[in-house]
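# Remarks on the overall topology
As a plain string of letters, each chain reads:
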Amino acid sequence: IGSMRNNLNISATGGRIFDAVEWDPVQTSSTVLRFSPINTDLDFVTVSAAPSIGLGDFLTFRSGGAYHWLDYAEIESRAYTPEYQAVGGMELQVYWPQRGIDLYAYGELVYSGEYDGYREQGLGQDVAPNGKLSFGMGDDFRMHFVFQNALSVEHRRRECLTIPGRYFYFGFEWRFLN
């Protein structure tokens, strides 16, 4: 809904999967978790909204949120399925006419609601700051440098795995078959 720079995207999906194959964890000892396939029905609903607001030609605010609901007929709870997720960010764009280059800077905060693992409860609930610097030449080439968890906040996405610091990568897009 809206224009290219100022819009609201809304999405909703849901349904039932009949006789789905799912992996049911069974604790066989204090250190062994065995997964057995079972057939079960699965009901699900996901609703999301993502507004984007552009201010002038150089500043865009983006955000989004999602709610996920799962109900298994044969499994009490499902690991690694947060109910809520949210993101909020801002992108700056500056055009350098002497070089014909668009410069971009993007920063965001990403939140994942509480979820349980197979052995640990209360995972998630972390806010991770991410960023991206990029430049583009025309519509065909764009190079980017992405850094996730920019402030090196120690957090946990999985059981027994603490993510200690920032992670970064770089790459490029080159479209030559238009």
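Not measured: the values here are computed from a predicted model.

Here the focus is the layout of surface pockets. Size it by volume and the largest pocket reaches roughly 340 Å³. Residue lining of the largest pocket: 17 residues in total, with L70, S77, R78, T81 and E83 positioned closest to the centre. The biggest single contributor to the lining of the largest pocket is strand β3 (residues 59–72), with 6 residues. Here the lining of the largest pocket is built from residues that sort into 8 nonpolar, 3 polar and 6 charged. Here the second largest pocket defines a volume of roughly 200 Å³. Per-class residue counts for the lining of the second largest pocket are 5 nonpolar, 3 polar and 4 charged.

Glancing now at the packing of aromatic side chains. If you walk through the whole model with that rule in mind, you get 7 aromatic pairs. Measuring from ring centre to ring centre gives 6.3 Å for F135 and F141, while their planes differ by 55°; the resulting arrangement is tilted. A relative accessible area of 22% means that F141 is categorised as partly exposed. Members of the aromatic cluster, each reached through a chain of ring pairs, are F135, F141 and F172.

Turning to the sheet that holds β3, a few remarks are in order. Within a sheet, neighbouring strands are paired by backbone hydrogen bonds and run either parallel or antiparallel to one another. In spatial order, the strands read β1-β2-β3-β4-β5-β6-β7-β10; together these 8 strands make up an open sheet with antiparallel pairing. Since the sheet does not close on itself, it has two edges, and those belong to β1 (7–27) and β10 (167–174), each with one partner. Between one strand axis and the next, the sheet turns by 15° as a mean value, whatever way the strands run. Of the strand pairs in this sheet, strand β5 (residues 101–112) and strand β6 (residues 126–137) are connected by 11 bridges, and their pairing is antiparallel. Pairing of Y104 across the sheet is with S134, part of β6.

All chains considered together, the criterion is met by 4 salt bridges. D43 is paired through a salt bridge with R16; the nearest N and O atoms lie 2.5 Å apart. Placement of the pair is D43 in strand β2 (residues 33–55) and R16 in strand β1, with a sequence separation of 27 residues. When its relative accessible area of 15% is taken as the criterion, D43 is described as buried. Note that R175 is salt-bridged to E173, the shortest N-O span being 3.0 Å.

Turning to the confidence of the model for the protein chain, a few remarks are in order. For the protein chain, per-residue confidence averages 86 on the pLDDT scale, and 98% of positions sit at 70 or higher. The weakest mean pLDDT in the protein chain belongs to strand β8 (residues 155–158) at 70; the strongest belongs to strand β4 (residues 84–96) at 93.

Examined against the element boundaries, S134 turns out to sit in strand β6. With relative accessibility at 8%, the residue S134 sits in the buried group. Engagement of the side chain of S134 in a polar contact is seen with the side chain of R142, the distance being 3.1 Å. Ignoring sequence-local partners within four residues, the contact set of S134 consists of D102, L103, Y104, R142, M143 and H144.

Criteria and thresholds
- Residues numbered from 1 in each chain as written.
- Predicted model: local features only at pLDDT ≥ 70, side-chain atom pairs only at ≥ 80, totals over all residues.
- Heavy atoms only, no water.
- 1 Å grid on protein atoms, 1.4 Å probe; cavity = no way out; pocket = protein on both sides within 12 Å on 5 of 7 lines; lining within 4 Å.
- Points joined across faces, edges and corners; volume = space filled by probe spheres on them.
- Helix = DSSP H or I, 4+ residues; strand = E, 2+ residues; numbered from the N terminus.
- Nonpolar A, V, L, I, M, F, W, Y, C, P; charged D, E, K, R; others polar.
- Phe/Tyr/Trp six-rings, centres within 6.5 Å; stacked < 30°, edge-to-face > 60°.
- Buried < 20%, exposed > 50% of the residue type's maximum accessible area, 1.4 Å probe, protein only.
- Pairing = 2+ DSSP bridges.
- Axes fitted to C-alpha atoms, helices over the stretch in contact; angles between N-to-C directions.
- Salt bridge = Lys/Arg side-chain N within 4 Å of Asp/Glu carboxyl O.
- pLDDT = per-residue confidence, 0-100.
- Polar contact = N/O pair within 3.5 Å; in protein donor to acceptor, adjacent residues only side chain to side chain.
- Contact = heavy atoms within 4.5 Å.

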